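Chain and residue survey
One letter stands for each residue in the lines below.
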Amino acid sequence: MNATHPPAVPPRDVDRVLPEPPNGLPRPPGELEALERAWEPPRGIRFLTETNNNFVGLWYVATSLFFFVAAGIMALIIRAQLARPESTLVGHDTYNQLFTMHGTIMMFLFAVPAVEAASVYLLPNIQAARDLPFPRLSAYAFWAYFFGGLFFLSSIFQGVAPNTGWYMYPPLTSTQFSPGVNADYWLLGIGFIEISAIAGAIEIIVGVMKTRAVGMSLDKLPVYSWAMLVFAVMIVIGFPAIILGTILLELERAFDWPFFIVNRGGDPVLWQHLFWFFGHPEVYIIFLPAAGMVSMIVPAIARAPLVGYRLVILALIATGFLSFGLWVHHMFTTGLPKMSLGFFSAASAAVAIPSGIQVFSWIATVASGRVRLTTPALFILGFLFIFTLGGLTGVMVAVAPFDWVAHDTYFIVAHLHYVLVGGMVFPFFAALYYWVPVASKRPLSERVGRWVFGLMFVGVNLTFFPQHIAGLIGMPRRYYTYPVGMGLDAYNLASTIGAFILASGILLFFVDLARTFRPGGESAGNLWGASTLEWLPNGNYNTRSIPAVASRDPLWAQPNLAREVEQGRWYLPGTVTGRREALVTSPIEARPQYVLVVPGPGWAHVLAAVFTAAFFALLTVKLNYLALFCGVAGIFCVMWWLWQLDPGPLREPADIGGGLILPVHATGPVSHSWWAVIVLLVVCGMIYLCLVFSYLFLWLVNPTAWPPAGVSVPPGWAGMAGIGLYGLSAGLVWWAGRILHGPEQRPRAVPLLLGGALLPLLGAGALDVWGQLSVGLDPKGSAYGAAVMTMVSLQLLYVAIVVLMLGFTLARWWTGRIDRVRRAVFDNTMLFWLYSAAQGIVALAVIHGFPRLAGGL
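Residues numbered from 1 in each chain as written. Predicted model: local features only at pLDDT ≥ 70, side-chain atom pairs only at ≥ 80, totals over all residues. Heavy atoms only, no water.

**A look at the overall build of the protein**
Per the secondary structure count, the protein includes 24 helices and 4 strands. A compact globule built from 857 residues would reach a C-alpha radius of gyration of about 29 Å, and the protein, at 28 Å, matches this within 12%. Over its C-alpha atoms, taken along the principal directions, the protein stretches across nearly 85 × 85 × 50 Å. Each of the 857 residues in the protein was classed as buried or not, and the buried ones make up 61%. Put simply, the protein shows about 31700 Å² of open surface, and 70% of that area lies on carbon and sulfur atoms. Charge centroids of the protein, computed over 47 positive and 41 negative side chains, lie 4 Å from each other. (Helix = DSSP H or I, 4+ residues; strand = E, 2+ residues; numbered from the N terminus. Rg over C-alpha atoms; globule rule 2.2 N^0.38 Å. Buried < 20%, exposed > 50% of the residue type's maximum accessible area, 1.4 Å probe, protein only. Areas by Shrake-Rupley, 256 points an atom, 1.4 Å probe, with all protein chains shown as cover. Lys, Arg positive; Asp, Glu negative; His and termini not counted. Charge placed at Lys NZ, Arg CZ, Asp CG, Glu CD.)

This is the structure in structure tokens:
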């Protein structure tokens with residue numbers, strides 16, 4: 001179906017005056033050919049260095065589906081083991097490894113990466129951007145995920161896979177009870193994959209805010225883009241908690257720093273707080289992108305604009321906000337105060353309200369249009385049914401007394417899978433059927449798709465609905481067998497049969513995918529008559545020219561838009577520099593700001609991912625010297641990668657169409673790199689905030705022994721001196737920035753001030769270490785010592801990063817690559833430097849001031 005066919009209900013948000021194409025016809029000869037040459041992928045082995053979202057996104061999605069299949073096979077073995085009582089198909093240790101790996105792979109290697117992968121492919125297309133602003137960062141995130149995931153998966157074949165559950169609760173994961181490397185595979189392997197998720201989140205936030213079609217203001221932003229923005233912000237806020245948690249647990253296992261060992265002042269409940277502050281929002285991190293996909297598909301299948309657009313956006317934001325007030329939802333049985341249980345129980349119920357708003361919006365949209373029961377529509381209907389049931393049981397377990405009964409039974413297993421399979425897997429399959437025509441010459445088969453949906457829908461309900469009943473009867477989760485005579489046989493057999501029916505549906509999908517998916521060349525086109533920009537004619541460069549939009553449904557509001565874009569009548573119809581380019585727009589109103597020269601293929605980011613993966617892998621198997629070598633090599637590759645991003649000699653502003661002249665370079669808050677550093681600093685701040693929370697939590701556990709007897713607080717003058725040195729360092733860097741922003745092109749005082757600022761920074765770091773050594777602090781002796789030493793060590797790490805960044809900045813300065821105009825590297829270094837100094841001041845205030853204040857309390 002052609003996109004120009006009118007919808008059943010016309011869009012209601014169209015601007016009064018439709019924009020006119022700025023360029024006339026015919027276009028200059030060779031314009032399109034130059035654009036195609038700039039975006040042509042490399043050949044042979046160098047194809048692996050490609051950074052174009054159209055290729056990296058497909059690799060990413062394919063890899064996530066591979067891990068989905070791997071985790072699914074493990075689930076089938078689990079269900080085969082539980083098909084009958086007292087089965088001996090697998091032993092208890094193998095079973096423990098299987099259910100741990102199944103949960104970990106599904107959550108960390110499929111669910112989050114799959115929606116992130118889809119966004120790498122879809123976001124530039126949906127927003128009519130040539131690419132995301134940091135294509136090498138996207139490619140690095142993919143290769144980090146690819147190599148790290150394969151390393152983690154290999155543990156199951158070596159017999160050393162994690163075997164303590166995907167939640168890794170101490171003390172079961174301590175060296176006392178898990179002396180092998182099983183837990184280390186989880187802590188270091190998953191910790192590495194978290195880096196990939198953070199990198200992807202930075203890319204998504206900056207991409208949504210800075211690379212959009214002209215006129216695509218926030219009130220015209222597609223719901224999927226809003227969903228991915230909230231998703232990425234949630235990763236930035238939530239993932240630091242699990243990053244810190246894995247660091248603390250690995251420090252305890254490797255160096256015997258007792259964060260979770262009770263007899264030395266630690267508390268295993270701290271891990272639960274850190275894990276579930278990430279873990280419960282992760283459910284919504286997975287659900288929100290899927291909901292965004294649904295909000296894109298429903299208008300297309302109903303041929304009507306989305307009803308309640310603004311309410312849906314508010315619901316997405318509210319869901320993200322409320323999700324961070326729910327982590328104790330998983331800790332009702334840990335003995336927390338009843339008042340806090342009441343608060344978190346209410347919050348757990350309240351989060352159903354924004355989810356309900358979205359469901360009613362979808363229903364109203366369907367009711368307002370004319371629905372066609374295509375395969376995507378069937379998966380959407382299946383999602384609504386399954387997810388609603390999961391939501392209802394979620395409200396049940398939000399009630400603390402019921403949760404006390406159902407906790408750690410198969411009722412929770414059933415609830416979890418109804419939410420995750422219904423809330424993510426079914427929308428994801430709907431999205432695959434819906435968007436494959438964007439990437440493939442041929443769509444997936446509608447006839448086969450109906451069979452896939454039927455088998456999956458029956459399989460999911462037959463697998464997981466009986467588990468509600470088995471759980472209420474009393475079947476505990478994570479047990480590798482059960483005795484005869486408990487009344488569980490029929491329910492488990494039904495679940496196993498359902499699992500294999502579900503698997504047959506998924507297998508049929510992959511058969512159809514292999515038979516019909518043909519990427520490259522002209523795509524199948526807009527079969528659904530959809531209204532959004534990903535259905536514009538595209539190539540490796542995504543869209544021939546970048547349009548101005550007048551509606552949230554631009555292809556319905558501007559029927560000639562597809563033809564005009566393909567003819568090159570809109571902005572940036574070719575390449576103004578001879579290289580790959582993207583149009584950077586303002587974050588609110590999407591007004592053109594500058595032309596970004598997009599980095600192309602290269603080996604640096606691939607090798608950086610390889611060496612980073614090798615660093616974590618070698619640490620896991622205790623080859624520490626080789627790990628150190630790979631870590632240094634990885635840092636070198638990152639520096640090589642960043643050095644290649646230099647814009648080179650200043651270019652003249654370029655005409656991007658219709659006489660609109662834009663610069664080809666930007667610095668400061670307008671720059672995309674400035675935004676990326678700000679997001680990165682939020683990640684750093686959240687990691688440190690979680691560390692301060694851990695310090696305060698352990699103090700509450702040990703109120704009369706903080707610090708413990710025989711341990712002194714460093715002298716107060718040392719803390720005050722350190723604060724002064726950090727302040728002096730920050731002041732000198734800020735002064736250098738002010739001078740560089742002045743009239744002189746390359747003021748000589750800048751490198752001198754940076755060198756001068758380094759001395760007090762190093763002095764403050766040295767004073768931190770001396771202060772702890774002077775009182776003989778032993779991080780092994782108490783949780784207090786471990787917490788303080790972790791704060792100091794983290795601060796020293798940031799000082800070391802500042803030294804690296806300073807060296808990089810001075811090298812750029814001495815080679816003439818930084819001046820008053822080209823100052824992005826300096827600005828980014830200054831931002832990180834100022835943050836590190838501020839963190840150092842907070843650390844000294846906590847370490848030196850809090851014990852004295854606590855003594856007064």
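Once you've had a look at it, read on.
**A closer look at the pairing of strand 2 (residues 592-597)**
Two strands pair when backbone bridges link them, and strand 1 (residues 581-585) and strand 2 are joined in this way by 5 bridges, in the antiparallel orientation. Note that in strand 2 the partner of Ala582 across the bridge is Leu596. Taking the residues that link successive antiparallel strands as the turn, the strand 1-strand 2 hairpin has 6 residues, and the phi of Ala590 there is positive, at about 60°. (Pairing = 2+ DSSP bridges.)

**Some thoughts on the nonpolar core**
When a protein is soluble and globular, its nonpolar side chains tend to lie buried together. Counting residues in each nonpolar core, the largest one holds 265 residues, and the members touching the most others are Phe110, Trp186, Phe428 and Trp435. Counting only domains with at least three residues in this core, you end up with domain 1 (44-516) and domain 2 (693-855). Setting aside residues no more than four positions away along its own chain, Phe110 makes contact with Ser64, Leu65, Phe68, Ile105, Met424, Val425 and Phe428. (Core = buried A, V, L, I, M, F, W, Y, C linked by side-chain atoms within 4.5 Å. Domains from an automatic or database assignment. Contact = heavy atoms within 4.5 Å.)

**Here we look at helix 8 (residues 309-323)**
Taking 1.5 Å as the rise per residue, helix 8 with 15 residues should run 21 Å; its terminal C-alpha atoms sit 21 Å apart, in good agreement. The complete set of buried residues in helix 8 reads Tyr309, Val312, Ile313, Ala315, Leu316, Thr319, Gly320 and Ser323. The arc that holds the buried residues of helix 8, viewed along the axis, is 155°, so those residues lie on one side. Exposed side chains of helix 8 directed beyond 90 degrees from the buried face belong to Arg310, Leu311, Leu314 and Phe321. Buried residues belonging to helix 8 abut helix 6 (223-255), helix 7 (268-302) and helix 10 (352-368). (Expected span 1.5 Å × (residues − 1). Arc of directions from axis to C-beta.)

**Quick word on the packing of aromatic side chains**
Counted under the stated rule, the structure contains 65 aromatic pairs. Aromatic side chains Phe260 and Trp271 sit 6.2 Å apart centroid to centroid with 85° between the ring planes, which places their arrangement in the edge-to-face category. A residue pair is termed long-range when its members are at least 10 positions apart, and Phe260 in the loop between helix 6 and helix 7 and Trp271 in helix 7 qualify at 11 residues. What links up through ring pairs into an aromatic cluster is the set Phe68, Phe110, Phe379, Phe385, Phe426, Phe428, Phe429, Tyr433, Phe453, Phe457, Phe509 and Phe510. In this structure, Arg552 packs its charged tip against the face of Tyr309, placed 3.9 Å from the ring centre. Just above the ring of Trp643 sits the side chain of Arg812; from NZ or CZ to the centre is 4.9 Å. (Phe/Tyr/Trp six-rings, centres within 6.5 Å; stacked < 30°, edge-to-face > 60°. Lys NZ or Arg CZ within 6 Å of the ring centre and 35° of its normal.)

**Things to note about the side chain of Gln558**
Residue position: Gln558 is located in the loop between helix 16 (554-557) and helix 17 (561-566). Exposure remark for Gln558: the relative accessible area of 7% places this residue in the buried category. With residues up to four places along the chain from it excluded, the contact list for Gln558 reads Leu18, Pro19, Ala548, Val549 and Ala550.

**Some words on the domain arrangement of the protein**
Quite often, the size of an interface is put as the accessible area lost when its parts meet. Domain annotation of the protein identifies domain 1 (44-516) and domain 2 (693-855). Taking the mean C-alpha position of each, domain 1 and domain 2 sit 37 Å from one another. Taken together, the contact pairs 16 residues of domain 1 with 16 residues of domain 2. Carbon and sulfur atoms make up 71% of the area that domain 1 and domain 2 hide from each other, which totals about 1200 Å². On the domain 1 side of the interface with domain 2, the three residues burying the most area are Trp257, Gly265 and Leu270, jointly 39% of the side's total. Linking domain 1 with domain 2 are 3 residue pairs in polar contact (both at pLDDT 80 or more). (Buried area = accessible area lost by both parts, 1.4 Å probe. Polar contact = N/O pair within 3.5 Å; in protein donor to acceptor, adjacent residues only side chain to side chain.)

**As for the environment of Leu797**
In this structure, Leu797 sits in helix 23 (residues 783-814). Residues Leu797 and Ser836, spaced 39 residues apart in sequence, show a C-alpha to C-alpha distance of 9.7 Å.

**Description of unusual backbone geometry**
Omega for the bond connecting Leu25 with Pro26 falls within 30 degrees of zero, at 0°, which places this linkage in the cis form. Topologically, Pro26 is positioned in the segment before helix 1 (31-38). In the segment running from Pro170 into Pro171, the intervening peptide bond is cis, with an omega of 5°. Examined against the element boundaries, Pro171 turns out to sit in the loop between helix 4 (135-158) and helix 5 (182-210).

**Digging into the packing of helix 7 against helix 8**
Where helix 7 contacts helix 8, the two axes come as close as 9 Å, and the packing angle between them is 170°. Relative to helix 8, the element helix 7 is oriented roughly antiparallel. Of the residues in helix 8, those touching helix 7 at His280, Pro281, Tyr284, Leu288 and Ser295 are Val312, Leu316, Thr319, Gly320 and Ser323. In terms of residue class, the contact of helix 7 with helix 8 is built from 5 nonpolar, 5 polar and no charged. (Axes fitted to C-alpha atoms, helices over the stretch in contact; angles between N-to-C directions. Parallel < 35°, antiparallel > 145°, perpendicular 65-115°, else oblique. Nonpolar A, V, L, I, M, F, W, Y, C, P; charged D, E, K, R; others polar.)

**Some points on the pattern of salt bridges**
For the coordinates displayed, the defined rule picks out 12 salt bridges. Measuring nitrogen to oxygen at the nearest pair gives 3.4 Å for the salt bridge that ties Lys622 to Asp184. Taken as a pair, Lys622 in the loop between helix 18 (604-620) and helix 19 (624-643) and Asp184 in helix 5 lie far apart in primary sequence, 438 residues in all. In this structure Lys622 comes out as partly exposed when scored by relative accessible area, which is 42%. Beyond isolated ion pairs, a larger network of salt bridges with shared partners links Arg27, Glu31 and Arg544. (Salt bridge = Lys/Arg side-chain N within 4 Å of Asp/Glu carboxyl O.)

**Observations regarding the pairing of strand 1**
Along strand 1, 5 of the 5 residues are buried, which leaves the element largely enclosed by surrounding structure. Neither face of strand 1 is open: one carries Glu581, Leu583 and Thr585, the other Ala582 and Val584, and all of them are buried.

**Structural notes on helix 22 (residues 749-774)**
Its 26 residues give helix 22 an end-to-end C-alpha distance of 37 Å, which sits within 8% of 38 Å, the value for a rise of 1.5 Å per residue. Once helix 22 ends, the next one or two residues include Gly776, with phi positive near 65°.

**Section: the environment of Asp827**
Within the fold, Asp827 resides in helix 24 (residues 824-856). With a relative accessible area of 5%, Asp827 lands in the buried category. The spacing of Asp827 and Leu249 is 578 residues in sequence and 35 Å in space, taken between C-alpha atoms. With near-sequence residues (within four places) excluded, Asp827 lies in contact with Thr667, Gly668 and His741.

**Section: the state of the cysteines**
In total, this model carries 0 disulfides according to the counting rule given. Here Cys630 stays unpaired: no disulfide links it, and the sulfur of Cys637, its closest cysteine neighbor, is 10 Å away. Cys684 takes part in no disulfide bond, and the closest cysteine sulfur to it belongs to Cys690, at a distance of 12 Å. (Disulfide = S-S within 2.5 Å.)

**A few points about a nonpolar patch on the surface**
Taken together, the side chains of Ile45, Leu48, Trp603, Phe636 and Trp640 make up a nonpolar region of the molecular surface, amounting to roughly 500 Å² of accessible area. Tracing the backbone shows Trp640 in helix 19. (Patch = residues over 30% accessible without salt bridge, like charges linked within 9 Å, V, L, I, M, F, W, Y side chains within 5 Å.)

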